[in-house]
Amino acid sequence: MEIRVTYLGHSGVLAQLGDTVLLFDYYTGELPRAAFARAKRALVFASHAHADHYQPAVHTLTQDNPAARFVFSSDI
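Residues numbered from 1 in each chain as written. Predicted model: local features only at pLDDT ≥ 70, side-chain atom pairs only at ≥ 80, totals over all residues. Heavy atoms only, no water.

Structural notes on unusual backbone geometry
Phi at His 10 takes a positive value of approximately 55 degrees, unusual for a residue other than glycine. The phi angle at Asp 25 is positive, at roughly 45 degrees, despite the residue not being glycine. By secondary structure assignment, the location of Asp 25 is in the loop between strand 3 (20-24) and helix 1 (33-38). (Helix = DSSP H or I, 4+ residues; strand = E, 2+ residues; numbered from the N terminus.)

Following this line, the structure appears as structure tokens:
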């Protein structure tokens, strides 16, 4: 299976595996809306509450994919 990984800056990474999209520690830049809209499975991870690892803007990704799920640290 091909995995496409895109560095988004600082600690942010987008990984695409077939019909699955994984977003880790989004911080800055344009949210990958097109990738989320196409995905059958979409997961957003945030390792902790600092602004350089968690941006509340990630919640808007459910507008593009209502099936998006979030896995957040307990301090968020």
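Read on, since the account is not over.
Here we look at the pattern of salt bridges
Between side chains of opposite charge, a pair can form as their charged atoms come close. For the structure on display, the rule yields 2 salt bridges. Of the charged contacts in the structure, one is a salt bridge between Asp 19 and Arg 41, with a shortest N-O distance of 3.1 Å. In this pair, Asp 19 is assigned in the loop between strand 2 (12-17) and strand 3 and Arg 41 in strand 4 (residues 41-46), connecting sequence segments 22 residues apart. For Arg 41, a relative accessible area of 51% corresponds to the exposed category. A salt bridge links Arg 33 to Asp 64, with the shortest nitrogen-to-oxygen separation between them at 2.3 Å. With Arg 33 in helix 1 and Asp 64 in the loop between strand 4 and strand 5 (69-72), the pair connects residues that are 31 residues apart, well separated along the chain. (Salt bridge = Lys/Arg side-chain N within 4 Å of Asp/Glu carboxyl O. Buried < 20%, exposed > 50% of the residue type's maximum accessible area, 1.4 Å probe, protein only.)

Fair warning: the whole summary comes from geometry, so function is off the table for now.
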